[in-house]
Amino acid sequence: MSAKYIFVTGGVVSSIGKGITVASIGRILKNRGFNISVIKLDPYLNVDPGTMSPYQHGEVFVTEDGGETDLDLGHYERFIDIELNKKSNVTAGQVYLSLITKERKGDFLGGTIQTIPHVTNEIKQHITDLAESLDVDVMVVEVGGTVGDIEGLPFMEAIRQLRNDIGRENVYFIHLTLLPNLNVANELKTKPTQHSVSELRSIGIQPDALICRSEGEVPEFVIDKLSLFCDVNKQEVIPLADVDNVYRVPMILEGYGLGNSITKSLGLPPGSIASNNSWSSAIDEMDTLEEMVSIALVGKYVEYPDAYMSVKEAMTHAGLRVGRKINVKWVHSEDLERDGAEQHLSDVDGIVVPGGFGKRGVEGMILAAEYARVNNIPYFGLCLGMQVMVIEWCRNVLNLYKADSEEFVPGTPNPVIHVMPDQIDVTNKGGTMRLGQYPCTLDPESKSYGYYSEESVNERHRHRFELNNAYREAMEQSGMCFAGVSPDGTLVEIAESTQHEFMIGVQFHPEFRSRPTEPHPLFVGFLDAVKQTMREGAQYSFNEVET
Ligand code: GLN
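Quick look at helix α4 (residues 92-105) now. The end-to-end C-alpha distance of α4, which contains 14 residues, comes to 20 Å, matching closely the 20 Å that a straight helix rising 1.5 Å per residue would cover. Ala-92, Gly-93, Val-95 and Leu-99 are the residues of α4 that are buried. Down the axis of α4, the buried set is contained in an arc of 160 degrees. They therefore lie on one face. Facing away from the buried side of α4 by more than 90 degrees, the exposed set consists of Arg-104 and Lys-105. For α4, the secondary structure elements touched by its buried residues are β2 (36-42), β5 (89-91), α5 (115-134) and α6 (153-166). The positive-phi residue at the C-terminal boundary of α4 is Gly-106, with phi of around 100 degrees.

This is the structure:
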């Protein structure tokens, strides 16, 4: 059977949860037994988000095969429990780069290269090739941005054409919009949605379904009005009010019959939704958790928690496994430099230092590692978080006062973290780090092995620097255990203190592999240690930021 396609476009405003909605649609179809995958089309001109600031773009999600992709791919993997790849995220930059490379090679000699058909063909080809190579029943495609964006037009045109190319019965269009509430009149307004649908129609796309985000409940007459004005079946106008727990969205959409509408329209067997149970019972359980642990996330992009999306989600998943709700205390590492660690970390039960790049704020992260080590507070360092844990240890345990990373102090006399040999001659920034999944061999005597219960694991990476082997022996003699190394033993993947309940740093990003129903063993180990070492009567400050 050839693949069916669902295209999801956005209207009215951005940031209304298109990624979560697409991930939820994927979950619904997976629950019904279909083999599915997802593509995110991003209309910006960067080739990938790998070189974009976290402030602009949020987290860069790394796929198994080393793609540096949009954070929405993290939602897709977590909700649908699938592995995506580099091709699952297409940017306009990639499309033009590929086209222009072909043009320079002479592939189009004599021809004029144009948006239609050349750019649109390139986009269509990418989508259908991936669907065929993965042999999916349904490919769900999210079009980034909002209808009306100039840069999004070639993508809109491409999906319009696809409907004709592969037959209307094989394509389903969903448009996600916002119903703003006018406080003065206490009225939900449908006009922006009407305009958005009419904009979509002007480029030849009539949505089959509308999903309408709103703050609260949407009255029946509003649904009727949208159905009439937008020419969409009433049962396919689906209200989606704000939810406390985004993992509930698949059940909400199912509740409104979206799964039935999609399968009916695409001529698919409806499938059984019984397998929904393990997902929904996990989510129900999440909402009943009462006891809380407070975890400081010490980073330099904390004003913008989207930069740490997968870390936050991985903690939520592991929290479910250990029966604790997570209160994330977002701590700016530069604040520790100004005020000292005690002021910001005395009320937390555990400390996470996530990944990052560049010198700013690093000294504050090193103070966080020291505070955790001296006070035996569980510490989990992810990539940069491992590197600062090692720097702190070398400075304060081995008395190498100038210990540093070559990334922050090039030419430091004690480069305990140094540039990886195969990175020395790299000059281009885009897509050139050590990226993607690599194997890691575990020491059966280590704590990490105890959490994983496996001798060899695969984890995803994104870094240029590594632990300098010249300092390994001295560190081991002072109580550091290199619990995980590359199979040839040359690259340290996991460092753990033998003297602490949980002081573990990993050179990889375990957060990318976590799922709500399958938390990552190291995050579970971390939170277990947090539970065990929690300080009696700790006063929590709640500054959770919803993302
Ligand atoms: N900046 C560090 C490196 O390149 C850490 C990277 C990260 O945390 N992802 O090695």
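This part is about the side chain of Ser-37. Tracing the backbone through its elements, the reader meets Ser-37 in strand β2. Using a relative accessible area of 5% as the deciding quantity, one classes Ser-37 as buried.

This next bit is on the pattern of salt bridges. This structure, assessed with the given rule, holds 32 salt bridges. Taking the shortest distance from any N to any O, the salt bridge between Lys-40 and Asp-72 comes out at 3.0 Å. Placement of Lys-40 in strand β2 and of Asp-72 in helix α3 (residues 72-80) is noted, with a sequence separation of 32 residues between them. Looking at Asp-72, the relative accessible area reads 10%, which means it is buried. A salt bridge links Glu-459 to Arg-513; the nearest nitrogen and oxygen atoms lie 3.0 Å apart.

Reading guide: rules and limits
Residues numbered from 1 in each chain as written. Predicted model: local features only at pLDDT ≥ 70, side-chain atom pairs only at ≥ 80, totals over all residues. Heavy atoms only, no water. Helix = DSSP H or I, 4+ residues; strand = E, 2+ residues; numbered from the N terminus. Expected span 1.5 Å × (residues − 1). Buried < 20%, exposed > 50% of the residue type's maximum accessible area, 1.4 Å probe, protein only. Arc of directions from axis to C-beta. Contact = heavy atoms within 4.5 Å. Salt bridge = Lys/Arg side-chain N within 4 Å of Asp/Glu carboxyl O.

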